[in-house]
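Listed below, chain by chain, are the residues.
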Amino acid sequence: MKALIYHGPGMKTWEDVADPEIHEDTDAIIRVDTTTICGTDLHILKGDTPEVAKGRILGHEAIGTVERVGAQVKNIAAGDRVLVSCVSACGHCRYCREARFGQCLNGGGWILGYMIDGTQAEYVRIPFADNSTYLVPEGVTDEELLMLSDILPTGYEVGVLSGKVTPGDTVVIVGAGPVGLSAITGSRMYSPSHVIAVDMSDRRLEAAKAFGADITINNTRQDPLAIVKDLTDQLGADVVIEAVGTPATFELCTQLARPGGHIANIGVHGAPATLHLESLWIRDLTITMGLVDTFSIPTLLRLLTTKQIDAGAFITHHFKMNDIMAAYDAFQNAADTGALKVVITRQ
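Residues numbered from 1 in each chain as written. Predicted model: local features only at pLDDT ≥ 70, side-chain atom pairs only at ≥ 80, totals over all residues. Heavy atoms only, no water.

## Looking at the sheet that holds strand E13 (residues 286-289)
To keep it simple, the criterion reads: In this scheme, strands are said to pair when DSSP sees at least two bridges between them. Helix numbering and strand numbering both begin at the N terminus, where a helix is a DSSP run of H or I of at least 4 residues and a strand a DSSP run of E of at least 2. All axes are obtained by fitting lines to C-alpha atoms, using only the stretch in contact for helices, and the reported angles, taken between N-to-C directions, cover 0 to 180 degrees. Contact criterion: two residues are considered in contact whenever any of their non-hydrogen atoms come within 4.5 Å of each other.
Read from one edge to the other, the open sheet built from six strands follows the order E10-E9-E8-E11-E12-E13, with strand pairing classed as parallel. With partners counted over all chains shown, the strands left at the sheet margins are strand E10 (215-218) and E13, one partner each. The average angle at which neighbouring strand axes cross in this sheet is 15°, direction not considered. Note that strand E11 (residues 237-242) and strand E12 (residues 257-265) share five bridges and pair parallel. Paired with Glu-242 across the bridge in E12 is Asn-265. Lying on the sheet, helix H7 (residues 202-211) is in contact with strand E9 (194-199) and E10; it crosses E10 at an angle near 170°.

## Focus on the environment of Asp-214
Here is the rule we go by: Only protein chains enter the accessibility calculation, which uses a 1.4 Å probe. A residue is then buried if its area is under 20% of the maximum for its type, exposed if over 50%, and partly exposed in between. Counted as a polar contact is a pair of N or O atoms within 3.5 Å, where, for protein atoms, one must be capable of donating a hydrogen and the other of accepting one, and residues adjacent in sequence contribute only when both atoms are in side chains.
Here Asp-214 is to be found in the loop between H7 and E10. According to the relative accessible area criterion, Asp-214 is partly exposed, its value standing at 42%. Note: C-alpha distance between Asp-214 and Ile-22 (192 residues apart in sequence) is 49 Å. With residues near it in sequence (within four places) discarded, Asp-214 still touches Arg-188, Ser-193, His-194 and Val-195. A polar atom in the side chain of Asp-214 sits 3.2 Å from the side chain of Arg-188.

## Brief notes about the packing of aromatic side chains
Put simply, the rule reads: Centre distance within 6.5 Å is the pairing criterion for rings of Phe, Tyr and Trp, where only the six-membered ring of Trp is used; planes under 30 degrees apart are then read as stacked, over 60 as edge-to-face, and the remainder as tilted. A ring has a charge above it when a Lys NZ or an Arg CZ is no more than 6 Å from the ring centre and no more than 35 degrees off the ring normal.
Within the structure shown, the criterion is met by two aromatic pairs. With 4.7 Å between their ring centres and 55° between their planes, Phe-211 and Phe-314 make a pair best called tilted. In this pair, Phe-211 is assigned in helix H7 and Phe-314 in the loop between helix H11 (297-305) and strand E14 (315-320), connecting sequence segments 103 residues apart. Each of the two residues, Phe-211 as well as Phe-314, counts as buried. Across from the ring centre of Tyr-123, 4.9 Å away, lies the NZ or CZ of Arg-346, which sits over that ring.

Read these as geometric descriptors, not functional statements.
Structure representation (structure tokens):
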């Protein structure tokens, strides 16, 4: 089969590799029909996650068709079409029983395209298939459903729920890429008084407005702190969501939050960020961070099938699998191309 192979920082190829095989009775082999590229894939290619081995197939999002299953797989069968979760779950360990699937103790968590071969390929092995896939429902397209594999649960769980967004809040999202836009989508469900998007790209800020941001701030020429203070009687935001993953954006978030506020870090950080406890300790701030667990996929599926969220709005570019290198170019140069999510299809 063909697959996108990571060969070290800055190096990737689309090449022939061996087809995946079932290793455990809980595995499934999925033919990948639709996949995409995540900002985390770019972090891997930058060298931010040195634990990723050379030769790894990247990718952790997919819609596909079940080819075959292990002897213990009960919920899906050959021929079924499924959504692949970006997080795998054994379903039995302490953390899985708490719906904290990202911390699975038995070889699950975020492993696809990270610790094991991923979904940017013609076929993929999915461990713990009963707990890590969802049957494709009627009435939604593959492209819409693909957004539930990672970005929508990530923005909702790690941003909105961890940040404790409540009605009337002023919510600031720093970073208007796909995950930041997902956090805007999730925040709007809780009736905040203001949703404010901060980014350095006017194109992404235009997208933020389309997704429901009330106010957009380009922090290359505007002062986010002054604007947020003016909107909040000089207090600051109730919830600030970091969706970039750089020291500068994290530090900005700590400045934007009001005393007693919440900072929810979603961004994948490849460098240390300074936590200024000498000034933050007295402000009663709550800072959360973490890996998506994807426990919200069933909820988001209901919202998608009833048309209460528009997952298709994330999609800006389409490519065939054999053009995946061009898809990476478009996604990596989003400031120029306007790319949010690129959809890569088998045919």
